[in-house]
There are 2 protein chains.
Amino acid sequence: MQKETLCLGLLSLGPRSGYEIKQMFEGPLSDFYSLSFGTIYPTLNSLQADKYVSCKQHSQSKKPDKKVYTITKKGMDLMKDNLLGDASSYIRSGNFGDQIKSEFFLLLLFSKYIPNETMNTVLNERVLYLRQKLEQFKYDGPVPGNLDAIRNEKSVSFIRGLASALIETGLNYMEKNRHLLKKKIN
Amino acid sequence: MQKETLCLGLLSLGPRSGYEIKQMFEGPLSDFYSLSFGTIYPTLNSLQADKYVSCKQHSQSKKPDKKVYTITKKGMDLMKDNLLGDASSYIRSGNFGDQIKSEFFLLLLFSKYIPNETMNTVLNERVLYLRQKLEQFKYDGPVPGNLDAIRNEKSVSFIRGLASALIETGLNYMEKNRHLLKKKIN
DNA sequence: GATTATATATATCAATCTGATATATATATG
DNA sequence: CATATATATATCAGATTGATATATATAATC
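Every chain's residues receive numbers from 1 upward, in the order its sequence appears when written. Each chain takes a letter, starting from A, and each ligand takes a number, starting from 1, following the order in which they are written. Since the coordinates come from a predicted model, pLDDT governs what is reported: local features require at least 70, and pairs of side-chain atoms require 80 or more to be given and counted, while whole-chain, interface and lining totals use all residues. Each side-chain value is derived from all of the structure's non-hydrogen atoms; neither hydrogens nor water enter the calculation.

### Some thoughts on unusual backbone geometry
All names here are of chain A.
Thinking step 1. Located in the positive-phi region is Lys51, a residue other than glycine, with phi close to 65°.
Thinking step 2. Helix and strand definitions here come from DSSP, where helices need a minimum of 4 consecutive H or I residues and strands a minimum of 2 consecutive E residues; each element is numbered from the N-terminal end. By the secondary structure assignment, Lys51 is in the loop between helix H3 (37-49) and strand S1 (53-58).
Thinking step 3. The classification of residues rests on relative accessible area computed with a 1.4 Å probe and restricted to protein chains. Under 20% of the type maximum is buried, over 50% is exposed, and intermediate values are partly exposed. Residue class for Lys51 comes out exposed when judged on its relative accessible area of 58%.

### Some details on the nonpolar core
Nonpolar side chains in soluble globular proteins tend to be buried together.
Thinking step 1. In this description, a nonpolar core means a group of buried Ala, Val, Leu, Ile, Met, Phe, Trp, Tyr and Cys residues linked to one another through side-chain atoms lying within 4.5 Å. Grouped together as the largest cluster of nonpolar side chains are 114 residues, with contacts concentrated most on Leu10, Phe25 and Leu108 of chain A together with Leu6, Leu10 and Leu108 of chain B.
Thinking step 2. Those residues in contact with Leu10 of chain B, other than ones at most four positions away along the chain, are Phe110 of chain A together with Arg16, Ile21, Met24, Phe25, Leu29 and Ile150 of chain B. We call two residues in contact when some of their heavy atoms are within 4.5 Å.

### Looking at the relation of the copies chain A and chain B
Thinking step 1. Here the copies are matched by least squares. The fit uses the C-alpha atoms of residues with pLDDT of at least 70 in both. When chain A is brought onto chain B, the operation consists of a screw motion whose angular component is 180° and whose axial shift is 0.0 Å, with 0.0 Å RMSD remaining. Here the symmetry operator amounts to a two-fold rotation axis. Residue Ile100 of chain A of chain A places its C-alpha closer to the rotation axis than any other residue of that unit, at 2.3 Å.
Thinking step 2. The residues that chain A uses at the interface reappear at the interface of chain B in 100% of cases, marking a shared surface.

### Describing helix H1 (residues 3-11) of chain B
Thinking step 1. Counting buried residues in H1 of chain B gives eight out of nine residues, a clear majority hidden from the surface.
Thinking step 2. Burial in H1 of chain B covers these residues: Glu4, Thr5, Leu6, Cys7, Leu8, Gly9, Leu10 and Leu11 of chain B.

### Topic: the domain arrangement of chain A
All names here are of chain A.
Thinking step 1. For chain A, the domain assignment lists domain 1 (3-93) and domain 2 (103-181).
Thinking step 2. Each domain's extent is set by a domain assignment, obtained either automatically or from a database. Distance from the C-alpha centre of domain 1 to the C-alpha centre of domain 2: 28 Å.
Thinking step 3. Carbon and sulfur atoms make up 66% of the area that domain 1 and domain 2 hide from each other, which totals about 840 Å².
Thinking step 4. Criterion for a salt bridge: a side-chain nitrogen of Lys or Arg within 4 Å of a carboxyl oxygen of Asp or Glu. The interface formed by domain 1 and domain 2 includes one salt bridge.
Thinking step 5. With its nearest N and O atoms 3.0 Å apart, the salt bridge here joins Lys133 to Asp31.
Thinking step 6. As used in this structure description, the phrase polar contact means that two N or O atoms lie within 3.5 Å; if the pair is within protein, one of them must be able to donate a hydrogen and the other to accept it, and residues adjacent in sequence are counted only when both atoms belong to side chains. Counting across the domain 1 and domain 2 interface gives four residue pairs in polar contact (both at pLDDT 80 or more). The buried area of a pairing is the accessible area, by a 1.4 Å probe, that goes missing from both parts when the two are put together, added over both.

### Looking at the packing of aromatic side chains
Thinking step 1. Paired rings are identified among Phe, Tyr and Trp, the last through its six-membered ring, by centres lying within 6.5 Å, and are further divided according to the angle between planes into stacked (under 30 degrees), edge-to-face (over 60) and tilted (the rest). One pass over the full model with this rule turns up 17 aromatic pairs over all chains.
Thinking step 2. Ring plane angle 65° and centroid distance 6.4 Å describe the contact between Phe96 of chain A and Tyr129 of chain B, whose orientation is recorded as edge-to-face. Of this pair, Phe96 of chain A sits in the loop between helix H4 (73-93) and strand S3 (99-101) while Tyr129 of chain B sits in helix H6 (residues 116-138), placing the two residues on different chains.
Thinking step 3. What makes Phe96 of chain A buried here is its relative accessible area of 8%.
Thinking step 4. Judged by relative accessible area, Tyr129 of chain B falls into the buried class, the value being 16%.
Thinking step 5. Should the NZ of a Lys or the CZ of an Arg lie within 6 Å of a ring centre and within 35 degrees of the ring normal, that charge is described as sitting over the ring. The side chain of Lys74 of chain A reaches across the aromatic face of Tyr52 of chain A, ending 4.7 Å from its centre.
Thinking step 6. Over the aromatic face of Phe37 of chain B sits the side chain of Lys22 of chain B, whose NZ or CZ is 5.7 Å from the ring centroid.

### Concerning the interface of chain A and chain B
Thinking step 1. Facing the 65 residues of chain A at the interface are 65 residues of chain B.
Thinking step 2. Summing both partners gives a buried area of about 6,800 Å² for chain A against chain B, and 72% of it is carried by carbon and sulfur.
Thinking step 3. A per-residue breakdown of the area chain A buries against chain B is headed by Lys101, Tyr113 and Phe158 of chain A, which together make up 11% of the total.
Thinking step 4. In this assembly, chain A and chain B are joined by four salt bridges.
Thinking step 5. Taking the shortest distance from any N to any O, the salt bridge between Asp98 of chain B and Arg126 of chain A comes out at 2.9 Å.
Thinking step 6. Breaking the side of chain A that touches chain B down by element, the ones donating at least two residues are helix H1 (3-11), H4, S3, helix H5 (103-109), helix H6 (116-138) and helix H8 (154-177) of chain A.
Thinking step 7. Considering every element that reaches the side of chain A that touches chain B, the biggest residue donor is H8 of chain A, with 14 residues.
Thinking step 8. Three classes are used, and their members are as follows: Ala, Val, Leu, Ile, Met, Phe, Trp, Tyr, Cys and Pro are nonpolar, Asp, Glu, Lys and Arg are charged, and the others, Gly among them, are polar. Tallied by class, the residues present in the side of chain A that touches chain B amount to 38 nonpolar, 16 polar and eleven charged.
Thinking step 9. Direction of pairing for S3 of chain A relative to strand S3 (residues 99-101) of chain B: antiparallel, over a ladder of three bridges. A strand pair is defined by DSSP finding two or more bridges across the two strands.

This is the structure in structure tokens:
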């Protein structure tokens, strides 16, 4: 999916600044996708130049102006067109997997060259992290204002349910099978 | 993990060409990590220049020479040092998650702007893909020669078991809950 | 039998993206 | 009172990808 479509999609949930879009990537979207500031800000500028979004500058005494972007009708149209195109490309591509870079799995793969105590800590920290993630996905209380819209999306309940189920399976598997990883060669 | 450490780690399983390393990323490693030719070839050249690997040129009548790299003692030492450093960094970083870019989840997220029939195909193809993946992870028969070594790593049985469990959970969840995604706004 | 597609094999590079840094201030923490 | 973190935008060197070039063998399709 193009960065433009993704930014428009997030702005379709309500007006937002670049900083707040980044917060969505760091927060609820962090397990599925991310873009850096170096991509977000130039993308918003180019979307504004082409009238896909409008921008209101909120001067905040002494802090840099907060630029709040609102998606336009033209922007909504482009977003829908692009999403349909992206879905069709996804289907045609034959590539239905996700792009993953997992430091954790690389460490597992080469674990025989890593001291047992170190690998133990790696596994313990991963388990702790997953437990935290599980809580996050199950948590149903209030969230900060700028993250509220995404939380209320219907598709997001489906995704959160899926993520919770996957993490629970992962945790159970690791508890039952981590003894298989003992013993290093060197 | 640095690309150098990763390439050395794969060469520690046995001598290999750059092309064969790429095949590992396309095959058994594809769900955990990947590097492109544009990264692999220059990395191997620099590892060779610094004597971390040696290289034997197998001239094959009319095809480009196959350059088979073998990890040296110096290379094994660097690999182990780096792996220990990487594991320690992983622990200290506080960042225990994986880096993921999932076109599928983005399409789910914005599914209300995508026609029902299109999303249906997206979900069907994803399910088909996951069923295939599951078979792959459970398959215990013979694999092509250059992929044999990684298959026989102890840690890989742990990883394959985990992956199978996760995919099964994902498939079950999607079967039971995909009805929740029906109905689009537009 | 001819053509097309796929596999083997390395190499290079424009375009893209990230991670770091710069700038400036407010607020929380120790 | 000093330090760290959060808000907020912007930029860019360096790293990475995805595409392309080169060359041939083999398998599939027509």
